[in-house]
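Take a look at the letters that make up each chain.
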Amino acid sequence: MMQIFDTMQNRLVDLETRDPNHVSIYACGPTVYDVPHLGHARTALTYDLLKRFLMWSGYTVTLASNITDIDDKIIERSAREGISENELSSTYTKIYIDQLREFGVADPDFRPLATEYVEEMLAIITQLFEQGAAYEIEGHGVYFDVDSLADYGALAGRTVNELRESAQARVASEEDKQDPLDFALWKSAKPGEPTWDSPWGPGRPGWHIECVAMSLHLLGDGFDIHGGGSDLAFPHHENERAESEASGHSFARYWMHSAMLNVNGEKMGKSLGNFRTLGDALAQYGPRPLRLAMLQAHYRSLMELSDETMKGAIGGIERIDAFFRRMLGADIQETSIDTEAKDRFMSAMNNDLGSPDAIAVVFETINSGNAALDDKNIKEASMALTTVSELLEVLGLSKDTVDSDEEIDSLVSEREAARASRDFAAADRIRDILKDRNIEIEDTPNGPLWRKI
RNA sequence: GCGUCGGUGCCCGAGUGGCCUAAGGGAGCGGCCUGCAAAGCCGUACAAUCGCGGGUUCAAAUCCCGCCCGGCGCUCCA
């Protein structure tokens, strides 16, 4: 059985799903006011990996991942750029989706937009009123009363009083909130802002309510896993939980949080110059090395993404691809998977998504497959190939399509002819020509192969 | 300041009481293979030690206490 680290219980727990053989997951996506950075990619990758692994384990999985397309930052930025909120958010939504696809993150089953769930949000706010968990402040909006949730603060590992102390030590609120911890469910309309009608007058959604509306609508009460970046645990997730539970809906059974990512020793978002956007990193390193680098770190540990890390990951991908190239030339048989390797891979992943360990199993299998091929042990080599292919599929690291190019093929043939007549000077000349075009030749017992470098 | 997670070789990282004489990958070095390469295989140095100092235990990288350093949170944030 899979174990995951549940933020709520603050420990590793067995994943016991609401429905047998089905897992419902809600992963918090970005607020689209700018291009995605590597941190967004890491978070999305975590839940992509979780889904792939659970499906491979035999579950059916429903993954919902939202796009928040209305919030203060979006309003601010679109005003500054003189375009509509919708124009701004749809531009960045498209970039986000395109780049995640390029990165190899599969589309979630649902990708809800906050602006399409205002009805559902209003319904929940109504329910909160009915439960006495919400109150209105004239001119400001509707607020949530944190006393409505007995263990408010549990996700942050703190009591309400501890939170209150911190909160009071900070900004005194301008509104007449009953408690400094209370937060807006519905914000009254302000000039120049997009608004929706509501029983409490025109306004727009407040904090966190969009995720509650979308997750409950798409996955139902008591869905299995709610995830996101660790920076969202408090207050975002805590408040979602409060809103949901207080309105009478049981919320997520488990909470998962993926850790942050630093680039070249600097926090994301503050460094300039260096790549920090997903787009730049994809262009610089390619999707697969980037993915390998991220998967070689555990999702719950802070990750440093440096040039050196990437150098290592590029080497790793090359090793994987070289293995496939070699096998391509071998007389491979149809075989079953190596159950020993599969079991080790599975127990690594069952242990709170232990991808670094799981990847170690893949590399070990590549090694034994290569060794088997050297020994002309085709059966074992074939089994290693089957195993590596299947496991890489689970990790989303499968080999790209094979390169093909007629002109290069003909140069390679020319070189083969020269080699056959032992005209090595001519053969090396052709190899140099190809090298100038970033093509590297590998001579194998089954003939030459080439690849882009 | 309070809470929380973490600090393992040159780099990335696994390991959470005995199988650790610390996995795996990358980079390094030597050998084999090759016309030469590339890829691959084999071997090998680098952790007498796992941030530092105490403690518990027959036994600790793994548990406890203190300290140092870093991430995240304390109503923007993946």
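Everything numeric in this text was worked out from a predicted model, so none of it was measured. Counting starts from 1 at the beginning of each chain's written sequence and moves along it residue by residue. Throughout, the order in which chains and ligands are written sets their labels, letters from A for the former and numbers from 1 for the latter. Two thresholds apply to this predicted model, a pLDDT of at least 70 for residue-level local features and 80 or more for giving and counting side-chain atom pairs, whereas whole-chain, interface and lining totals are computed over all residues. Derived side-chain values reflect all non-hydrogen atoms in the structure, with water molecules and hydrogen atoms excluded from consideration.

K.L.:
Honestly, the sheet that holds strand β3 (residues 22-27) in this entry has me stumped. Any pointers?
P.N.:
Whenever strands of a sheet pair, they do so through backbone hydrogen bonds, lying parallel or antiparallel. As summarised here, the arrangement of the four strands in space is β4-β3-β9-β10, forming an open sheet in which the pairing is parallel. Edge positions in the open sheet fall to β4 (60-65) and β10 (254-258), since each of these has one partner strand only. Averaged over all pairs of adjacent strands, the angle between strand axes in this sheet comes to 20°, irrespective of strand direction. Bridge analysis of β3 against strand β9 (residues 225-229) gives three bridges, and the strand direction is parallel. The residue of β9 that forms the bridge with I25 is I225. Sheet strands touched by helix α1 (residues 38-56): β3, β4, β9 and β10. Its angle to β10, the strand with the most contacts, is close to 130°. Pairs of strands are assigned from DSSP output, requiring at least two bridges between the strands. Secondary structure elements follow DSSP: runs of H or I of four or more residues count as helices, runs of E of two or more count as strands, with numbering from the N terminus. Angles shown run from 0 to 180 degrees and are taken between the N-to-C directions of axes, each axis being a line fitted to C-alpha atoms and, for helices, limited to the stretch in contact. Residue contacts are counted whenever heavy atoms from the two residues lie within 4.5 Å of one another.

K.L.:
Help me understand the sheet that holds strand β5 (residues 134-137) in this model?
P.N.:
If you trace the four strands from one edge of the open sheet to the other, you get β5-β6-β7-β8, paired in antiparallel fashion. Two strands lie at the open edges of the sheet, namely β5 and β8 (203-205), each paired on one side alone. Neighbour-to-neighbour, the strand axes of this sheet turn through a mean angle of 25°, independent of strand direction. Note: strand β6 (residues 141-144) against strand β7 (residues 183-188), four bridges, orientation antiparallel. When the bridges of β7 are listed, F144 appears paired with F183.

K.L.:
Even after reading the chapter, I still don't get the domain arrangement of chain A, so can you show me in this structure?
P.N.:
Note on interface size: it is often stated as the accessible area lost on association of the parts. Note that domain bounds follow an automatic or database assignment of domains. Parsing chain A into structural domains produces domain 1 (12-258), domain 2 (263-395) and domain 3 (406-452). Each of domain 2 and domain 3 has a C-alpha centre, and the two are 29 Å apart. Taken together, the contact pairs four residues of domain 2 with five residues of domain 3. Using a 1.4 Å probe, buried area is obtained as the accessible area two parts lose upon being combined, added over both of them. Between domain 2 and domain 3, a total of about 420 Å² is buried, with carbon and sulfur atoms accounting for 50% of that surface. Among the residues domain 2 hides against domain 3, the three largest losses belong to E318, R325 and G329. Together they make up 87% of the total. Among the salt bridges present, the one from E442 reaches R325, with a minimum N-O distance of 2.4 Å. Polar contacts here mean pairs of N or O atoms no more than 3.5 Å apart (in protein, one a potential hydrogen donor and the other a potential acceptor; neighbouring residues in sequence count only if both atoms are side-chain atoms). Where domain 2 packs against domain 3, one counts one residue pair in polar contact (both at pLDDT 80 or more). A per-class count over the side of domain 2 that touches domain 3 returns one nonpolar, one polar and two charged. Each salt bridge in this description consists of a side-chain nitrogen of Lys or Arg and a carboxyl oxygen of Asp or Glu lying within 4 Å of one another. Residue polarity is assigned by list, with Asp, Glu, Lys and Arg as charged and Ala, Val, Leu, Ile, Met, Phe, Trp, Tyr, Cys and Pro as nonpolar; anything else, Gly included, falls into the polar class.

K.L.:
Quick question: what am I supposed to make of the protein's contact with RNA strand B here?
P.N.:
Taken together, 64 residues lie near RNA strand B, and R158, P180, G229, L232 and R431 sit nearest. Backbone atoms, meaning sugar plus phosphate, form 68% of the atoms of RNA strand B positioned within 4 Å of the protein. Within the contact set of RNA strand B, a sugar or linking oxygen lies 3.2 Å away from a side-chain nitrogen or oxygen of E308. Residue composition of the surface near RNA strand B, by class: 21 nonpolar, 21 polar and 22 charged. We define proximity as follows: a residue is near a molecule or strand when any one of its heavy atoms falls within 4 Å of that partner.

K.L.:
Whenever I open this one, the state of the cysteines confuses me. Can you help?
P.N.:
Joining two cysteines, a disulfide is a covalent bond between their sulfur atoms. Sulfur atoms of two cysteines make up a disulfide when they are within 2.5 Å. Within this structure, the stated rule accounts for zero disulfides. In this structure C211 is a free cysteine whose sulfur lies 3.7 Å from that of C28, the closest cysteine sulfur available.

K.L.:
It is not clear to me how the packing of helix α12 (residues 355-374) against helix α13 (residues 378-395) should be interpreted in this structure. Could you clarify?
P.N.:
To describe two helices that pack against each other, one gives the angle between their axes and the distance between the axes. Remark: α12 packs on α13, axes separated minimally by 8 Å, with the N-to-C direction vectors making an angle of 155°. With respect to α13, the element α12 is oriented roughly antiparallel. Remark: the crossing between α12 and α13 carries left-handed chirality. On α13, the residues that touch I359, V361, V362, T365, I366, S368, G369, A372 and L373 of α12 are I378, E380, A381, A384, T387, V388, L391, L392 and L395. Its residues placed into classes, the contact of α12 with α13 shows 13 nonpolar, four polar and one charged. Angles are sorted into four bins: roughly parallel if under 35 degrees, roughly antiparallel if over 145, roughly perpendicular if 65 to 115, and oblique for all others. Should the near helix be turned counterclockwise from the far one by less than a right angle, the crossing is left-handed, whereas a clockwise turn marks it as right-handed.

K.L.:
Sorry if this is basic, but what is going on with the packing of helix α8 (residues 278-285) against helix α9 (residues 287-295) here?
P.N.:
Put simply, α8 and α9 touch, their axes get as near as 7 Å, and they point 110° apart. Taken together, the axes of α8 and α9 lie roughly perpendicular to each other. On the side of α8, the interface is formed by L278, A281, L282 and Y285, while α9 contributes P287, P289 and L290. Here the contact of α8 with α9 is composed, by residue class, of seven nonpolar, no polar and no charged.

K.L.:
It is not clear to me how the packing of aromatic side chains should be interpreted in this structure. Could you clarify?
P.N.:
Aromatic rings in a pair are described by how distant their centres are and how their planes are angled relative to each other. Pairs were defined over the aromatic rings of Phe, Tyr and Trp, the Trp ring being its six-membered one, requiring ring centres within 6.5 Å. Orientation was assigned from the angle between planes: stacked under 30 degrees, edge-to-face over 60, tilted for the rest. Per the stated rule, a full pass over the model turns up nine aromatic pairs. Ring centres of Y135 and Y143 lie 6.1 Å apart, and the angle between their planes is 25°; on these two criteria the pair is classed as stacked. Both residues of the pair, Y135 and Y143, count as buried. With a centroid separation of 5.2 Å and 80° between ring planes, the pair formed by F223 and F251 is classed as edge-to-face. For every residue, the accessible area obtained with a 1.4 Å probe (protein chains only) is divided by the maximum for its type, and the residue is called buried under 20%, exposed over 50%, and partly exposed between those limits.

K.L.:
Is there a simple way to think about the pairing of β3 in this case?
P.N.:
Where a strand is regular, its side chains alternate between the two sheet faces. Counting buried positions along β3 yields six of six residues, so the element is predominantly enclosed. Every second residue of β3 is oriented toward a common face, with H22, S24 and Y26 on one face and V23, I25 and A27 on the other, all of them buried. Pairing of β3 with β4 involves six bridges; the strand directions are parallel. The residue bridging Y26 from the neighbouring strand is A64, located in β4. Taking the sense of rotation as the criterion, the β-α-β connection linking β3, α1 and β4 turns out right-handed. Look down the strands so they point away from you; if the path from the first strand over the helix to the second goes clockwise, the crossover is right-handed.

K.L.:
What should I look at first to understand the side chain of S24 in this one?
P.N.:
Along the chain, the position of S24 falls in strand β3. Discounting residues that sit within four places of it in the chain, S24 has contacts with R18, T62, L219, F223, D224 and I225.

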